[in-house]
Amino acid sequence: MNRSAAHIVTEFVLLGFPGCWEIQIFLFSLFLVVYALTLMGNGAIICAVKWDPRLYTPMYFLLGNFAFLEIWYVSSTVPNMLANILSKTKAISFSGCFLQFYFFFSLGTAECLFLAVMAYDRYQAICHPLHYPIIMTRRLCGTLVSLCWLTGFLGYPIPIFFISQLPFCGPNTIDHFLCDMDPLMALSCAPAPITEFIFYTQSSLVLFFTITYILRSYTLLLRAVFQIPSTAGRRKAFSTCGSHLTVVSLFYGTVMVMYVSPTYGISALMQKILTLVYSIMTPFLNPLIYSLRNKDMKLALRNVLFGRRISQNS
């Protein structure tokens, strides 16, 4: 079947969240505020890391890049979702749907890798504090960040290209607010078990390898923390790791339910809510989580947001 014959469907309809016009306006206002606060919060972290000399360390360098990633990750879904809520047709073009699909999964993969790299950084800082400045050089940090971006974006073009070549004859309605794997495969006129297997195997390997590495790093890290004699030292170590563990738990908890466990028993509404948590709420909460128990980041963010000059001892 050639391309013109296969792609009878020229656009998809994203149903989004059901409800009357008043509910749609409420959801639009809510998501718009969350999106604006997400951009502002993560943008403030980037500015704080760039402008505050106290944050010129590998941990904050990685955090600044992670915040930059979060801005792009949330932007791969929310702007289209906002336009979709106000749209009467709720349509997205065929190419637009697959572009969103590609960026959503590529940025999500990069996020998994970033979380693993940040776990490696915390492991080196607490388990090998004397060698930490030698190991975590700016060059190594730059290399790790580049690898996260490249691996994320080079891993999915081929499988997503093959999925886009499947015949989509209709219907064209997706009961979701974004173009995701399961809804798209359900709309294909022909089964593609090999393509589906490759895609899910690749996604599962990324998830399992990164979460296994993170758990292993934190197991060794916690063992080292409990060997610290002073209570103040243990508290400081926990405060630097607690934020990262919170983000890891929030992100991986919902992603594993969506893409690793069987989704046949999960309702469409619950799938939308789970996707909201890891794709929108995690980037939104990221600035709050990382600044809540971090004095240096609090001071730097206050300086960025309110234009104050804060001394190191204040």
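The name given to the protein chain in an unreviewed UniProt entry is Olfactory receptor, and the organism recorded there is Ovis aries. Of the comments in the UniProt record for the protein chain, the one headed Sequence similarities (unreviewed entry) reads "Belongs to the G-protein coupled receptor 1 family." Among the UniProt annotations of the protein chain, the heading Function (unreviewed entry) holds the following wording: "Putative odorant or sperm cell receptor."

Brief notes about the state of the cysteines
For the coordinates displayed, the defined rule picks out two disulfides. Each disulfide pairs two cysteine sulfurs, and for Cys97 the partner residue is Cys179, the sulfurs being separated by 2.0 Å. Disulfide Cys97-Cys179: the torsion about the S-S bond is -125°, which places it as left-handed. Residue Cys97 is located in helix H5 (residues 94-127), and its partner Cys179 is located in the loop between strand S3 (173-174) and helix H9 (181-187); the two are separated by 82 residues in the primary sequence. A relative accessible area of 0% places Cys97 in the buried class. The exposure class of Cys179 is buried, given its relative accessible area of 0%. Here Cys169 connects covalently by a disulfide to Cys189, the sulfurs 2.3 Å from one another. On the criterion of sequence distance, the pair formed by Cys169 in the loop between helix H8 (157-164) and S3 and Cys189 in the loop between H9 and helix H10 (193-226) is long-range, its members being 20 residues apart.

Rules of the game
- Residues numbered from 1 in each chain as written.
- Predicted model: local features only at pLDDT ≥ 70, side-chain atom pairs only at ≥ 80, totals over all residues.
- Heavy atoms only, no water.
- UniProt positions renumbered as here; feature names shortened; annotations may be inferred.
- Disulfide = S-S within 2.5 Å.
- Helix = DSSP H or I, 4+ residues; strand = E, 2+ residues; numbered from the N terminus.
- Buried < 20%, exposed > 50% of the residue type's maximum accessible area, 1.4 Å probe, protein only.

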